[in-house]
Every structure is written in structure tokens, then in C-alpha cells.
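Coordinates in review
If you want the building blocks of each chain, they are given just below.
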Amino acid sequence: QYRYRYCRTKDNTIKRRMMMETLLEYVEASSNVLKPMGIFRPTHAFDWWSLICLLGWYEAIHLIWRWQFEVRRRPWNHASETLRSTGGLVLVGQLMSIFVSIRGTILCYIMLQINNPSFQYHGTNCNGYDDENDDLCSRIRLQIIYTGEPFMAYLFFDLMKQIMYYRNKTARNYGAVDSMLHHVAFLACAMICQHYDFLLLPFTWLIQGEWSTIFLNARWYQKELKASTMLADILFALSFFFTRIILYGGGLAHLLYSLYYSPSSNHSSSQLEPHPTMPPWLKNLIAITLIALFGLNLIWFRAIVKIAIAKSSGKTKPKST
């Protein structure tokens, strides 16, 4: 019946609204499945309880992984010590990345359909989409929060583990200074933005950078199992380039244009109003941090290109990588 209504409707605005609602229902269903785990509570504030529950579930996955290897001695008796000790941590990151990247991609499409800068950047003035029967924008905002909570919990979880395993010979190369700085910066920005309902649209394209993490983790497992990493290498490099360079760069340019461009009085309708509660200095700090993180992505991509060139020429990659 819904498909019949969609095909019969000639109004593109109604069709767009119906498509948004359908996609949003899928996103809501993915979070409703996990609510019995004690997470994703109906709140627009930062939920410390959900963060604690997620950290507990992440640690449980890590401990079950180690128990499988150290107590039951399975499933791979020939597994390396690195795979035994940190494989569970990588598995946590893999599950988180799959969950948030899919949701982020769908939510990004939905946010672009709204085409309201005030809502996309400040979470306010969602005129034309909220009515007395369906608060669509509040539902979207809540699902963005539900996408950010697992991501923030993982950043905190992985940051603690990287500090623990820093310079640990068994878990080689797991803790890195640049990665820890990346986690701290993103965690701080995410917590501030969630508190002020700031940068809803940018979060949806920022979180899509986790697509590259999926292939990076797959490459890590293949490498530890002495399997070929060629396909994972290609997919990781391509996904990193498109999500963390092209998408991030274009989104960052649009963000800076939207926040700081002041049109003339003749075009005042296109001007984004100041955030109602957020201090200007905090907005500037977040913008500077996002620019710095994009620079870090460029540095990482340069290292990826150098490794790819070294492999294609048959040279051994640098030991530090």
C-alpha cells in the first residue's frame, strides 16, 4: 500500500518526505534492536549511562575474544600473540564502524533532503517538516545522537586501550600518538556538539570516514593470519580517499562557508543565524579542530600513498608503518 501511494503521488515534495520517513524507520529499527542492552535511551542530552553500558559491552567482547584464545585455545591455535591480545579490540572497532557508517550514510541523505541550514548546523527552525502528528526533525536528531553514542564510547574505549598498550611489544603498533590525539580531538568535539545540538549535518558526513576503518580492520586480520591483503589494501585506500579526503574536504568547505560567510543585506535570507546558546569562541575552536583533523587525514593519506608506491615497486615499506 505504501509503495502504491509512493508511485501514484506526483508531488516531489511528498515523495521526498515519504522516502525520508521510510529510511528513518530503518535507522530507528536498527537502534530499537539494541535498546534491551541498556543503551539508546530517549534523551537529547549527553547520556553517561549509555556511555558506561557501551564501554561494558565493548570490554565484554574484548574479554570473550581473549578467553577463546587463552582458555579454550581456539579457534586458531596458530594465531600470533598480537592477534590473541588485541584481536578483540579490533573486532570492537569493526562492529562499531559497520554500525555507525551505515547509519551515518542514511542520515546524511536524510539531512540533505531537509535543506535547512538552521537545522543542519544548529538543530533549530525545522519549519515545514515538523507538525502536530509527526515531529520528524526530533526523530532525526535523536537518531544522530544514537549514532554518535557508540562512536564516542569507542573513542574513549580505544583511547584507554592505546594508552595501556603503548609501546607494548606484544600489541605492536596498536598505540600511536597521532591516533590518540585524533581520538581526544574528535571525542571533545562530539561531546560539545551533542550538548549544543551543533553541526548535525557535518556529523553525518564525518562519521562516514568509518567506512575506511572497516577495510583497515579487515586488512589487519588478514595480515595477522598471513593472508593476502591486496583487496583490503585497495578498498582501504579508495574508501579513505573518498570519505576522509574528498567528502571531508568538501564538507569542511561547506561548513566554513555556512558558518562564516556573511552575505549582503539583499540576500539576508541565505544567512545562517548565530547559534542561540553556543559561545562564538567555542564554535571557532571546533572549526579549527576540524581543520586540524583534516590536515591529519592528509598526513595519513600521504603515508598510504608512500606505502602503495613502495609495494608496487617491490620495495619494503618503512618499519615505522
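Please read all numbers here as calculations on a predicted model, not as lab measurements. (Residues numbered from 1 in each chain as written. Predicted model: local features only at pLDDT ≥ 70, side-chain atom pairs only at ≥ 80, totals over all residues. Heavy atoms only, no water.)

A look at the overall build of the chain
Looking only at helices and strands, the chain has 11 helices and 0 strands in total. Tracing the chain from N to C terminus, the helices and strands come up as α-α-α-α-α-α-α-α-α-α-α. By the burial criterion, 47% of the 321 residues in the chain qualify as buried. Taking the intrachain contacts of the chain between residues at least 6 apart in sequence as the baseline, contacts between residues at least 24 apart amount to 76%. (Helix = DSSP H or I, 4+ residues; strand = E, 2+ residues; numbered from the N terminus. Buried < 20%, exposed > 50% of the residue type's maximum accessible area, 1.4 Å probe, protein only. Contact = heavy atoms within 4.5 Å.)

What about unusual backbone geometry?
With a phi angle near 60 degrees, Phe40 is a residue other than glycine that sits in the positive phi range. Owing to a relative accessible area of 1%, Phe40 belongs among the buried residues under this scheme. Non-glycine residue Lys226 carries a positive phi angle of around 60 degrees. Looking at where Lys226 falls in the secondary structure, it is placed in the loop between helix 9 (210-224) and helix 10 (230-260).

Overview of the packing of aromatic side chains
A complete count under the given rule lists 14 aromatic pairs for this structure. Residues Phe40 and Phe99 carry aromatic rings whose centres are separated by 6.1 Å and whose planes lie at 10 degrees to one another, so their mutual orientation is stacked. You can see Phe40 sitting in the loop between helix 2 (12-32) and helix 3 (48-70) and its partner Phe99 sitting in helix 4 (residues 81-114), a full 59 residues away along the chain. Relative accessible area serves as the criterion here: at 19%, Phe99 is assigned to the buried category. Pairing Phe241 with Phe242 gives two aromatic rings, centres 5.4 Å apart and planes at 70 degrees, and the pair type is edge-to-face. (Phe/Tyr/Trp six-rings, centres within 6.5 Å; stacked < 30°, edge-to-face > 60°.)

Quick look at the nonpolar core
Within the largest apolar cluster, 63 residues are counted, with the highest numbers of intra-cluster contacts made by Tyr58, Ile140, Leu199, Trp205, Tyr248, Ile286 and Leu290. In terms of residue count, the dominant contributor to this core is helix 6 (residues 136-165) (14 residues). The contact partners of Leu290, leaving out residues within four places of it in the chain, are Phe186, Leu199, Leu206, Tyr248, Leu252 and Leu255. With 6 residues, the next largest nonpolar core counts Phe69, Leu83, Val90 and Tyr221 among its residues. (Core = buried A, V, L, I, M, F, W, Y, C linked by side-chain atoms within 4.5 Å.)

With respect to the packing of helix 10 against helix 11 (residues 280-312)
Orientation of helix 10 relative to helix 11, taken along the N-to-C sense of each, is 155 degrees, at an axis distance of 10 Å. With respect to their mutual orientation, helix 10 and helix 11 come out roughly antiparallel. The element helix 10 and its partner helix 11 pack so that their crossing is left-handed. Within the contact of helix 10 with helix 11, the residues separate by chemical class into 20 nonpolar, 3 polar and 4 charged. (Axes fitted to C-alpha atoms, helices over the stretch in contact; angles between N-to-C directions. Parallel < 35°, antiparallel > 145°, perpendicular 65-115°, else oblique. Left-handed = near helix turned anticlockwise from the far one by under 90°. Nonpolar A, V, L, I, M, F, W, Y, C, P; charged D, E, K, R; others polar.)

Structural notes on the side chain of Thr229
Within the fold, Thr229 resides in the loop between helix 9 and helix 10. In this view, Thr229 contacts Arg219, Gln222, Lys223 and Lys311; residues no more than four positions away in its chain are not counted.

Quick word on the pattern of salt bridges
When the charged atoms of two side chains lie near each other, side chains of opposite charge can form a pair. Within this structure, the stated rule accounts for 8 salt bridges. The shortest N-O distance in the salt bridge between Glu28 and Arg139 comes to 2.9 Å. Pair noted here: Glu28 is in helix 2 and Arg139 is in helix 6, with a separation of 111 residues, a long-range link. We classify Glu28 as buried; its relative accessible area is 17%. When the shortest N-O distance is used, the salt bridge between Asp197 and Arg141 registers 3.4 Å. Of this pair, Asp197 sits in the loop between helix 7 (177-196) and helix 8 (200-206) while Arg141 sits in helix 6; the two residues are 56 residues apart in sequence, bridging distant segments of the chain. For the pair Asp197 and Arg141, a shared accessibility class is recorded, and that class is buried. (Salt bridge = Lys/Arg side-chain N within 4 Å of Asp/Glu carboxyl O.)

With respect to the state of the cysteines
Applying the stated criterion across every chain yields a total of 0 disulfides. Cys193 takes part in no disulfide bond, and the closest cysteine sulfur, belonging to Cys189, lies 6.1 Å away. Taking relative accessible area as the criterion, Cys193 reaches 10% and is therefore assigned buried. (Disulfide = S-S within 2.5 Å.)

Re the confidence of the model for the chain
The predicted model of the chain averages 83 in pLDDT, with 82% of residues at 70 or higher. Of all helices and strands in the chain, the one with the weakest mean pLDDT is helix 1 (residues 2-8) (50), whereas helix 8 scores best (95). Note on residues 264-269: pLDDT under 50 across the span, and 0 contacts to partners over four residues away in sequence or across chains. (pLDDT = per-residue confidence, 0-100.)

Comments concerning a nonpolar patch on the surface
A surface patch of nonpolar side chains, about 510 Å² in accessible area, is lined by Met230, Ile234, Leu238, Phe242 and Ile246. With respect to the helices and strands, Phe242 occurs in helix 10. Its relative accessible area of 48% is what places Phe242 among the partly exposed residues. (Patch = residues over 30% accessible without salt bridge, like charges linked within 9 Å, V, L, I, M, F, W, Y side chains within 5 Å. Areas by Shrake-Rupley, 256 points an atom, 1.4 Å probe, with all protein chains shown as cover.)

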